[in-house]
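Letter by letter, the chains look like this.
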2 protein chains.
Amino acid sequence: MNFNALTPEIIVALEAIVGPAHVLTAQRAEATATADAYADYGRDHTEDLYFAPDVVLRPADAEEISQIMRLCHAHRIPVTPRGAGTGLSGGALPIEHGVVLSTERLNKIIQIDERNLQATVEPGVVNEAFQNAVKEVGLFYPPDPASKGSCFLGGNLAHSSGGPKAVKYGTTRDYVLNLQVVLPTGEIIWTAANTLKNSTGYNLTQLMVGSEGTLGIITKVVFRLLPYPQHNILMLVPFRQEAQAAEAVSAVFRAGIIPSGMEFMERIAMEWSARYLGIALTVPDDVRAHLLIELDGQDLDQLYKEAEQVYAVLEGYDVGEILLADTAAQKDELWRIRRNIGNSVKAAVYKEEDTVVPRAELPALLKGVKEISTRYGFQTVCYGHAGDGNLHVNIIRGNLSDEMWNVGLRQPITEIFELCVKLGGTISGEHGIGLVQKGYIGIALAETNLNLMRGIKNVFDPNGILNPGKIF
Amino acid sequence: MNFNALTPEIIVALEAIVGPAHVLTAQRAEATATADAYADYGRDHTEDLYFAPDVVLRPADAEEISQIMRLCHAHRIPVTPRGAGTGLSGGALPIEHGVVLSTERLNKIIQIDERNLQATVEPGVVNEAFQNAVKEVGLFYPPDPASKGSCFLGGNLAHSSGGPKAVKYGTTRDYVLNLQVVLPTGEIIWTAANTLKNSTGYNLTQLMVGSEGTLGIITKVVFRLLPYPQHNILMLVPFRQEAQAAEAVSAVFRAGIIPSGMEFMERIAMEWSARYLGIALTVPDDVRAHLLIELDGQDLDQLYKEAEQVYAVLEGYDVGEILLADTAAQKDELWRIRRNIGNSVKAAVYKEEDTVVPRAELPALLKGVKEISTRYGFQTVCYGHAGDGNLHVNIIRGNLSDEMWNVGLRQPITEIFELCVKLGGTISGEHGIGLVQKGYIGIALAETNLNLMRGIKNVFDPNGILNPGKIF
């Protein structure tokens with residue numbers, strides 16, 4: 001694509017749209033001693049990548065975004081939409097420079113509709129803030145990525161983020177009824193209706209979810225909600241063999257139980273997290289992996305019955321002493337360890353692969369990943385949403401050479417992804433393709449599929465200005 | 001679109017692809033005394049509409065369909081894909097004549113994967129046959145449209161069919177993981193992977209589901225399945241005011257209960273069905289409507305607890321004596337009455353509107369429909385999936401004039417659909433737009449949305465040959 005550079009005249013026009021206070025440039029940041037904050041708009045949580053924005057815009061609403069897009073469409077200026085910047089695939093990185101369009105000021109919960117169990121929100125609302133707001137009126141918004149305390153709902157929509165509860169409740173896409181979207185050409189549309197069912201034309205809603213900000217900028221969302229589950233039970237199950245932990249996952253579902261969480265942590269993942277959190281963790285020497293299993297529902301007696309069934313399934317495996325969390329504090333502590341594995345890995349230099357396979361293929365995936373990493377001589381820390389077959393494979397830099405880190409890893413990563421596809425899976429379960437997985441997408445998708453996607457992109461964005469260079 | 005007519009040479013080429021026994025024409029049907037069966041390929045269950053196919057093809061697999069599409073794409077011959085022909089919006093009608101492509105021979109359940117709770121099937125499998133097959137191994141495929149005994153899974157995918165269980169379990173689209181599709185240009189693709197989560201490129205799967213056979217022909221489906229719920233409770237609740245029945249629907253959900261069925265039947269709907277079935281139905285004179293409420297799960301004690309909570313909610317309304325179905329036979333009988341409302345209406349001359357609104361707006365929708373029908377002087381029979389806000393409005397011909405039936409009804413139907421949209425709803429919840437709602441789609445969708453859909457159609461089908469003249 002041929003893009004044009006921003007001119008002083010365009011900057012003036014942008015100021016007229018969003019107000020000068022919401023047009024940030026490197027120069028102005030320099031002048032106001034906010035250079036660090038400005039530079040953050042060129043980063044996300046993907047490795048240590050950085051691309052400098054030419055200008056950062058903080059519009060207030062869909063109308064302003066529409067005007068920005070009309071202007072940038074006319075002048076062929078690249079626009080990279082951005083939520084909280086917690087993404088793990090580089091989706092928010094302005095690799096073509098130009099405009100970074102931050103949704104941080106679209107941060108209102110517009111309505112919680114208790115009659116219809118729905119809510120209308122803006123994309124800049126933090127996931128956990130939204131969860132808490134609906135919980136206050138007895139409602140439940142399940143998607144809960146590890147970054148829930150800081151990530152925006154808009155970013156969650158961009159990748160259809162999951163989290164531990166996805167195993168029972170599905171991912172972000174399963175809660176979206178309707179989206180207000182500003183198209184790359186500036187028109188504002190609603191994709192659907194505020195209904196649980198809809199057979200009225202092509203599903204633009206689900207096309208938008210997971211499109212990583214390449215087809216439009218989401219400016220309002222209507223989510224469906226559930227009654228809040230009043231009770232939960234959490235258990236930590238130590239396994240003496242990693243493969244058995246992975247196998248037990250499938251067995252629990254086959255017994256008719258659908259847990260609200262089913263997380264896999266290999267021993268080293270828990271150790272890294274505990275060290276990161278400064279917790280003294282005493283895992284017996286013979287334990288190789290843990291499953292963290294959560295059950296939830298409206299009736300505690302019922303949950304204890306289900307827990308007994310889970311115990312019965314686990315009797316068939318070589319497990320250590322199962323820890324049943326007794327108190328809210330104990331539950332929080334276990335989840336804190338699980339949630340901080342990612343942070344502990346981020347404290348090292350690492351690359352994260354978001355592998356996903358059918359649930360029962362998890363043992364084969366785990367075995368294959370370890371075999372590949374051993375063969376190529378690098379360390380991996382594996383953990384993830386085992387109930388979904390979604391394993392986060394973290395490749396640790398350790399003392400790998402620059403050559404190996406920057407170039408040599410392409411081959412083993414390719415092998416890992418090829419294994420996923422061979423097992424019926426694909427290369428990203430919830431993080432998206434963005435920038436860093438783009439080179440591997442041909443492993444998962446045929447050229448015909450990619451051409452259809454390119455064609456769709458062209459329908460929405462004929463000048464190719466919105467989040468250019470991502471996915472394909 | 002400019003289409004070409006079938007020539008004898010093309011017929012010969014089609015015979016070479018699928019075999020002469022699977023190429024049907026009016027002439028051959030005449031010669032073999034199968035004219036009636038042949039004519040059925042020009043009808044579906046939508047009113048009494050008929051369009052003559054030029055040729056009917058019954059291919060065996062994706063390979064043959066691919067060859068057919070390459071040929072028809074090259075010659076610009078219209079192709080209308082067809083399942084069991086039970087659709088209610090005219091989606092399978094060959095309005096441009098040309099080829100009717102029947103999926104009836106793609107009728108195999110290829111694999112039920114108990115390890116992964118998945119199944120791979122062909123589109124010509126009957127819904128109920130599939131449900132029964134997975135139930136035999138303890139698994140559950142929830143979508144259950146009224147026509148489940150005859151409709152094909154492929155047709156269910158074309159419109160994302162729902163049915164009573166959608167209120168708890170979602171519609172067809174919620175069970176699809178991956179689709180094998182023959183594109184209008186003949187290429188064969190898989191849309192995704194066999195995983196519960198997928199953030200790898202645009203969601204072609206959900207774009208295909210609900211596209212009413214206009215973007216491709218589905219030739220294999222990978223469904224996810226659930227553990228089969230071992231128990232259920234069914235209750236029939238008589239209301240003395242229709243609006244209260246509609247209001248109670250929302251109240252049950254707000255109490256934290258998610259029923260597996262929540263069906264609304266106005267008095268006349270039950271009466272029509274009972275008469276159709278030859279059942280002596282004794283509904284007290286003061287009863288205006290019924291809710292049929294089903295609860296399901298793995299634990300019967302738990303269900304009785306939930307039933308008590310439902311009773312507690314219903315105490316707030318003016319209800320008659322609640323019938324709790326005791327036996328499987330009693331349950332079957334109640335469901336038979338509910339399922340046969342549609343057939344009883346079909347026995348009359350009628351038009352069916354598949355209105356859908358947010359759940360709590362159902363009373364307003366029902367009131368509006370009755371007001372509109374009274375004002376225009378026609379009778380409606382209303383029933384449907386109240387838990388989803390999905391009300392089937394059947395307009396009965398009665399003694400309406402030809403003028404009123406063929407032309408005059410456009411205005412009141414427009415008013416009904418405008419009311420749906422005003423209430424946050426849309427014009428089809430599960431039947432699709434097809435042919436008969438096409439003239440109303442502008443009420444639900446803006447021109448910008450329609451242009452995006454036309455653009456997508458053009459990406460998939462540049463010659464516009466696949467199911468032409470449908471949706472928009």
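Calculation rules
- Every chain begins its residue count from 1, and numbering advances along the sequence as written.
- Chains carry letters and ligands carry numbers; both start at the beginning, A for chains and 1 for ligands, and go up in the order they are written.
- For a predicted model such as this one, the threshold for reporting local features is a pLDDT of at least 70, and the threshold for listing and counting side-chain atom pairs is 80 or more; totals across whole chains, interfaces and linings nevertheless cover every residue.
- To obtain the side-chain values, all non-hydrogen atoms of the structure were used and water was disregarded.
- UniProt positions are given in the numbering used here, feature names are shortened, and annotations may be inferred rather than shown by experiment.
- Here, any two strands with at least 2 DSSP bridges between them count as paired.
- In this description a helix means any DSSP run of H or I spanning at least four residues, a strand means any run of E spanning at least two, and both kinds are numbered starting from the N terminus.
- In this analysis, axes come from line fits to C-alpha atoms, helices being fitted only over the stretch in contact, and the angle between any two N-to-C directions falls in the range 0 to 180 degrees.
- Residues count as neighbours in contact if any of their non-hydrogen atoms are within 4.5 Å of one another.
- Stacked, tilted and edge-to-face are the three classes assigned to paired rings of Phe, Tyr and Trp, where Trp is represented by its six-membered ring and a pair needs centres within 6.5 Å; plane angles under 30 degrees give stacked, over 60 edge-to-face, the rest tilted.
- Exposed residues in this analysis have more than 50% of their type's maximum accessible area, buried residues have under 20%, and partly exposed residues fall in between, with area computed by a 1.4 Å probe over protein chains only.
- The term buried area refers to how much accessible surface (probe radius 1.4 Å) is lost by two components on association, counted for both of them together.
- Criterion for a salt bridge: a side-chain nitrogen of Lys or Arg within 4 Å of a carboxyl oxygen of Asp or Glu.
- Cavity and pocket criteria rest on a 1 Å grid covering protein atoms alone: a 1.4 Å probe that fits but cannot get out defines a cavity, protein on both sides within 12 Å along at least 5 of 7 lines defines an open pocket, and an atom within 4 Å of a point defines a lining residue.
- Grid points are joined across faces, edges and corners, and a volume is the space filled by probe spheres set on the points.
- All amino acids are sorted into three groups, where Ala, Val, Leu, Ile, Met, Phe, Trp, Tyr, Cys and Pro are nonpolar, Asp, Glu, Lys and Arg are charged, and the leftover types, Gly among them, are polar.

In the annotation of an unreviewed UniProt entry, the entry for chain A reads Dehydrogenase, and the organism field reads Hymenobacter frigidus. Quoted verbatim from the Cofactor (unreviewed entry) field of the UniProt record, the comment on chain A reads "FAD".

## Digging into the sheet that holds strand S8 (residues 176-182) of chain A
All names here are of chain A. Read from one edge to the other, the open sheet built from five strands follows the order S5-S6-S10-S8-S9, with strand pairing classed as antiparallel. Each end of this open sheet is capped by a strand with a single partner; those strands are strand S5 (109-113) and strand S9 (188-190). Taking each pair of neighbouring strands and ignoring which way they run, the sheet shows an average axis angle of 10°. The pairing of strand S6 (residues 118-121) with strand S10 (residues 217-224) spans four bridges and is classified as antiparallel. Residue pairing across strands places Gln118 opposite Arg224, the latter belonging to S10. Each of S8, S9 and S10 touches helix H4 (residues 62-75); the most contacted strand, S8, lies at about 50° to it. Helix H5 (residues 127-135) contacts S5, S6 and S10 of the sheet and is inclined by roughly 35° relative to S5.

## Structural notes on the packing of aromatic side chains
Counted according to the given criterion, the structure contains 18 aromatic pairs over all chains. Centroid distance Phe472 of chain A to Tyr202 of chain B: 5.5 Å. Interplanar angle 85°. Geometry classified as edge-to-face. Pair noted here: Phe472 of chain A is in the segment after helix H18 (447-460) and Tyr202 of chain B is in the loop between strand S9 (188-190) and helix H8 (204-208), and the two residues belong to different chains. The exposure class of Phe472 of chain A is partly exposed, given its relative accessible area of 23%. Measuring from ring centre to ring centre gives 5.5 Å for Phe130 of chain B and Phe223 of chain B, while their planes differ by 35°; the resulting arrangement is tilted.

## Re helix H9 (residues 242-254) of chain A
Of all the residues in H9 of chain A, the buried ones are Gln244, Ala245, Ala246, Ala248, Val249, Ser250, Ala251, Val252 and Phe253 of chain A. Note on H9 of chain A: the residue one or two positions beyond its end, Gly256 of chain A, has a positive phi of about 90°.

## Details of the interface of chain A and chain B
Across the contact, 83 residues belong to chain A and 83 residues belong to chain B. Between chain A and chain B, a total of about 6200 Å² is buried, with carbon and sulfur atoms accounting for 60% of that surface. The largest per-residue losses of area from chain A upon contact with chain B belong to Lys197, Ser199 and Tyr202 of chain A, which jointly make up 16% of the total buried on that side. Joining chain A to chain B, the criterion identifies 10 salt bridges. Its salt-bridge partner being Arg115 of chain A, residue Glu361 of chain B comes within 3.1 Å of it at the nearest N-O pair.

## With respect to the UniProt feature "domain: FAD-binding PCMH-type" (unreviewed entry) in chain A
Sites flagged by UniProt as "domain: FAD-binding PCMH-type" (unreviewed entry) map to residues 49-228 of chain A. The straight-line gap between the two end C-alpha atoms of residues 49-228 of chain A is 39 Å; of that span, 22% is helix and 23% is strand.

## Regarding the sheet that holds strand S1 (residues 23-24) of chain A
Residue and element names in this part refer to chain A. Pairing is mixed across the open sheet formed by four strands, whose spatial order is S1-S2-S4-S3. A strand with exactly one partner marks an edge of an open sheet, and here the two such strands are S1 and strand S3 (79-82). Packed on one face of the sheet, H4 meets strand S2 (55-57), S3 and strand S4 (99-102) and runs near 165° to S4.

## Considering empty space enclosed by the protein
Residue and element names in this part refer to chain A. In total, this model carries two cavities of 30 Å³ or more according to the counting rule given. Taken together, His45, Thr46, Glu47, Leu88, Tyr350, Glu352, Val436 and Gln437 make up the lining of the largest cavity. When its residues are assigned to classes, the lining of the largest cavity shows three nonpolar, three polar and two charged. In this structure, the second largest cavity spans a volume of roughly 30 Å³.

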